[in-house]
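# Residue-level structural notes
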Amino acid sequence: MPGRRYRCRVPAQRPYEEAAAVIRRRTSLASPFPFPFPFLFLFLLVSVLVLVVGAADPARAAGYRYWSFWERDGGRDGGSAWTYATQGPSTARPSDGDVQGFRFTVSQDADDAAGPRGAADFASLCARTSPREGHKRVALVIDFGTAADAPSGETPPAPRTACARVPENATTADALAAVAGPLRYDTNALLCAIADYPEKGCGEPVPDTGAGTSDEDPQTSAPASASGSEDGSSGGPSLGLFAGAGVVALLGAAAVWQARRRRG
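For the structure given in this document, a descriptive report is provided here. Please read all numbers here as calculations on a predicted model, not as lab measurements.

## Structural notes on the overall build of the protein chain
Broken down by element type, the protein chain carries five helices and eight strands. The buried share of the protein chain, reckoned over its 264 residues, is 31%. The contacts in the protein chain between residues at least 6 apart in sequence include a share of 69% that link residues at least 24 apart. As displayed, the protein chain offers around 16800 Å² of accessible surface, 56% of which is attributable to carbon and sulfur atoms.

Listed below in structure tokens is the structure:
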């Protein structure tokens, strides 16, 4: 009517908030999960990774199979113990009268490595090697380790000792080559074999079989068990494998169910 004013209430314009509310309502009705499906996928994926890592844990390496290098201070009278060398045989330069040793072993580091066995005094090892001008004498103890530490199919030779007479500037590697060749090195100058033992391999990781390194006589110690696979595993499927497969199946079923709900 003329002269009358009409008030029209304009509704609040909140299209973004309203759309978000609709999406939230539809999501809560369409999904039985308390959180969006991508988070479920991520959760299950992480669970699979944890199970796989847990299943692989028993096959963890016990250490490495290699030739360890040792020095013996005061070796002239055999009164001191072996100490792990702080440098490699290709750079160490022993003096006349020194006693040095090598032990083929399986260990993780110097703390759990087994030292060479047998007599280790310079007087007895080099009694028949006369001194010579411009040369030095180095007593060497070479322990080929035990059958438990030997690579598959190989038998360690008996330990041996030698007295190397080499030029004054010779390294331990030079002295070793003079009395216990042939030596084998890898591309990184790591000592792989002494007197051609072992025939193959160089510093490879060894699975943890619980056997450990033994100081028994290498000729009498029992060989490693032949049961199971060559890498030390039991050969049967692990519990972690079955659990991982179950989680993968659950993940697939959840994806199929979600896709059907969206189409519906």
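Past the structure itself, the notes keep going.
## As for helix α4 (residues 172-180)
Within α4 the residues assigned to the buried category are Thr-172, Ala-173, Ala-175, Leu-176 and Ala-180. Relative to the axis of α4, the buried residues are bounded by an arc of 160 degrees and lie together on one face.

## Focus on the environment of Leu-125
Checked against the element boundaries, Leu-125 lands in helix α3 (residues 122-125). We classify Leu-125 as buried; its relative accessible area is 16%. Considering only alpha carbons, one finds Leu-125 and Thr-161, 36 residues apart in sequence, at a separation of 7.0 Å. Setting aside anything within four residues of it in sequence, one finds Leu-125 in contact with Ala-119, Ala-120, Ala-139, Leu-140, Val-141, Thr-161 and Cys-163.

## Describing the pattern of salt bridges
Going through the model one piece at a time under the given rule, you end up with four salt bridges. Put simply, Arg-65 and Glu-204 hold a salt bridge, and the shortest N to O gap is 3.2 Å. With Arg-65 in strand β1 (residues 61-72) and Glu-204 in the loop between β7 (191-193) and β8 (205-207), this residue pair connects regions lying 139 residues apart in the sequence. Exposure remark for Glu-204: the relative accessible area of 22% places this residue in the partly exposed category. A salt bridge links Asp-143 to Arg-103; the nearest nitrogen and oxygen atoms lie 3.7 Å apart. Of this pair, Asp-143 sits in strand β4 (residues 135-143) while Arg-103 sits in strand β3 (residues 99-107); the two residues are 40 residues apart in sequence, bridging distant segments of the chain. Taken individually, Asp-143 and Arg-103 each receive the classification buried, so the pair is uniform in this respect.

## Quick word on unusual backbone geometry
A cis geometry characterises the amide bond from Gly-181 onward to Pro-182, with omega recorded as 0 degrees. Relative to the elements of secondary structure, Pro-182 occurs in the loop between α4 and β6 (184-185). Across the junction of Tyr-197 and Pro-198, the peptide omega takes the value -5 degrees, indicating a cis bond. Among the structural elements, Pro-198 can be located in the loop between β7 and β8.

## Some thoughts on the environment of Ala-114
The residue Ala-114 is located in the loop between β3 and α3 in this model. Taking relative accessible area as the criterion, Ala-114 reaches 13% and is therefore assigned buried. Here the alpha-carbon distance between Ala-114 and Trp-70, two residues 44 residues apart in the chain, equals 10.0 Å.

## As for the state of the cysteines
In protein chemistry, a disulfide is the covalent bond that joins the sulfur atoms of two cysteines. One pass over the structure, following the stated rule, counts two disulfides. Here Cys-126 connects covalently by a disulfide to Cys-163, the sulfurs 2.0 Å from one another. Measuring the twist about the S-S bond at about 105 degrees, one finds the Cys-126-Cys-163 disulfide to be right-handed. With Cys-126 in the loop between α3 and β4 and Cys-163 in strand β5 (residues 160-167), this residue pair connects regions lying 37 residues apart in the sequence. For the pair Cys-126 and Cys-163, a shared accessibility class is recorded, and that class is buried.

Rules used in this analysis
Residues numbered from 1 in each chain as written. Predicted model: local features only at pLDDT ≥ 70, side-chain atom pairs only at ≥ 80, totals over all residues. Heavy atoms only, no water. Helix = DSSP H or I, 4+ residues; strand = E, 2+ residues; numbered from the N terminus. Buried < 20%, exposed > 50% of the residue type's maximum accessible area, 1.4 Å probe, protein only. Contact = heavy atoms within 4.5 Å. Areas by Shrake-Rupley, 256 points an atom, 1.4 Å probe, with all protein chains shown as cover. Arc of directions from axis to C-beta. Salt bridge = Lys/Arg side-chain N within 4 Å of Asp/Glu carboxyl O. Disulfide = S-S within 2.5 Å.

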